[in-house]
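Listed here are the chains, written in short residue letters.
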Amino acid sequence: MLDSEDTPVQPFPVMKWNAAWAVLDIAGGTSEQTAQVVDAGAIPKLVALSSSPSQDVADNAVWALANIVGDSPSFRDRVAAEGGIDAFVRLLNHSETTRRVQGRAMWAVSLYVKPWPSRLLAVRRVKHLVPLLVRYIQEAPVDEATSDDDKESITFAVRSLSRILDRGVNPSDVIKTGPVVPRLVHLLADSSSGVDLQKEVLDCIDRFIYGGDYETDATIEAGVFPALLIHLETKDEDLCQKALRIASNIAAGTRPQAHALLDCGLLKHAARMLADDQSPLDCRREACWIVASLSHKISGDVKVAQAFIDERCVKGLSTALQIPGVKTRELAITAITNLLQYQDPQETYAVFGILHRPIDPLEFS
């Protein structure tokens, strides 16, 4: 039926639409049912239907292909070999493709780059998607008038980019492709993006931070700190934790990067959260990473030392010793040790002076 020809008097290709709908329904079932669709030779016919002048037929065809791609690595590879991924790219690059079909194609791309531990995609098989994803993320509008479906398609694009970065594509090459990092920061700061998209954006930004100093500097220059501060005040625990994780990775970077973090006031929020036993535990653990990472830079750095004094970090570190989990306690002890080893005795006492008495390191053992 996928090969069927509708009669000339029909203004809409009903038979092809029905056939594609039936196939997508079966392909979305069990793996055995998906295998029956593939074994029947449906993939090349669905690829052909994705070019249908009828966007409704094309949508069903892409939907069916996506169901096959997402079923298993072997079917993913089969769809790629028979032209399915090229069809998705073509639809996303074609200006006359409706948003609905483009959204479906972007979902299919996100399934294609889904990490299957048993058979990960080689970099060469995903790298060509980077320009497409960068352009889509840059150009897709996001505002109060944007529909939930359109926001979802951008979410799939950001998720796909994160997955490609995980596969080993160099983040600096992605940055050179286009100004995607400033766009991600904008989406992070814009409340109209919605929580789901912002979580994916945070994950994607974190991949750039992991790339190295060049990528971290590019993220800072794009204004990531003000955007992160917004989410430290959110009631959504996942958003807050992801924002803190990015900050902790930056805090572990170069001194200029750590100074930029201090200049934006982020340490104040982290120290306050660390000391607040009512804050979510996972957020407090991430906050401890921030303080501990900065403590490694306190030796010979007056700016960092003064920030620890101003933000009363010792109070937070002493409270962190009560947080469940060995790693967090180890971080707190390490940070306290770094402070005790600070070279200037007067400055050392100033850092701990908020407790109004000398500190016995054995208290923290």
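Not measured: the values here are computed from a predicted model. (Residues numbered from 1 in each chain as written. Predicted model: local features only at pLDDT ≥ 70, side-chain atom pairs only at ≥ 80, totals over all residues. Heavy atoms only, no water.)

Things to note about the nonpolar core
Thought 1: Counting 120 residues, the largest nonpolar core has Phe208 and Leu228 as the members making the most contacts within it.
Thought 2: Beyond its immediate chain neighbours, meaning those up to four positions away, Leu228 contacts Leu188, Leu202, Ala243, Ile246, Ala247 and Leu266. (Core = buried A, V, L, I, M, F, W, Y, C linked by side-chain atoms within 4.5 Å. Buried < 20%, exposed > 50% of the residue type's maximum accessible area, 1.4 Å probe, protein only. Contact = heavy atoms within 4.5 Å.)

Focus on the environment of Asp150
Thought 1: Relative to the helices and strands, Asp150 resides in helix α9 (residues 148–166).
Thought 2: For the pair Asp150 and Leu266, spaced 116 residues apart in the sequence, the C-alpha separation amounts to 33 Å. (Helix = DSSP H or I, 4+ residues; strand = E, 2+ residues; numbered from the N terminus.)

A few points about the packing of aromatic side chains
Thought 1: Applying the stated rule across the entire model yields two aromatic pairs.
Thought 2: Each ring, one from Trp17 and one from Trp21, has its centre 5.6 Å from the other, and the planes form 5°; the classification is stacked. Of the two residues, Trp17 and Trp21 both sit in helix α1 (residues 14–27), four residues apart, roughly one turn of that helix.
Thought 3: An aromatic cluster is built from Trp17, Trp21 and Trp63, whose rings are joined through pairwise contacts.
Thought 4: Stacked on the ring of Trp63, the Lys or Arg Arg104 has its end atom at 3.9 Å from the ring centre.
Thought 5: One cation-aromatic arrangement involves Lys114 over Trp116; the distance from NZ or CZ to the ring centre is 4.3 Å. (Phe/Tyr/Trp six-rings, centres within 6.5 Å; stacked < 30°, edge-to-face > 60°. Lys NZ or Arg CZ within 6 Å of the ring centre and 35° of its normal.)

Thoughts on helix α3 (residues 42–49)
Thought 1: Within the span of α3, buried status applies to Ala42, Ile43, Leu46, Val47 and Leu49. Take α3 and look down its axis: the buried residues cluster within an arc of 160°, on one side only.
Thought 2: The inward-facing, buried residues of α3 abut α1, α2 (31–39), α4 (55–69), α5 (73–81) and α6 (84–93). (Arc of directions from axis to C-beta.)

Here's the deal with unusual backbone geometry
Thought 1: Positive phi, normally seen in glycine, also occurs at Arg312, with a value near 55°.
Thought 2: Take Arg312: its relative accessible area is 42%, and that puts it in the partly exposed class.

Observations concerning the confidence of the model for the chain
Thought 1: Averaged over every residue, the pLDDT of the chain is 90; the share at 70 or more is 90%.
Thought 2: Of the regions scoring below 50 in pLDDT, residues 354–365 engages in 16 contacts with residues more than four places distant in sequence or in other chains. (pLDDT = per-residue confidence, 0-100.)

A few points about the pattern of salt bridges
Thought 1: Evaluated as defined, the whole model comprises 19 salt bridges.
Thought 2: A salt bridge links Asp77 to Arg76; the shortest N-O distance between them is 2.9 Å.
Thought 3: With a closest N to O distance of 2.8 Å, Asp263 and Lys303 form a salt bridge. With Asp263 in helix α16 (residues 255–263) and Lys303 in helix α19 (residues 302–310), this pair connects stretches of sequence that are 40 residues apart.
Thought 4: Relative accessible area serves as the criterion here: at 56%, Asp263 is assigned to the exposed category.
Thought 5: For Lys303, a relative accessible area of 34% gives the class partly exposed.
Thought 6: Among the ionic contacts, a cluster of salt bridges with common partners joins Asp56, Asp59, Arg100 and Arg104. (Salt bridge = Lys/Arg side-chain N within 4 Å of Asp/Glu carboxyl O.)

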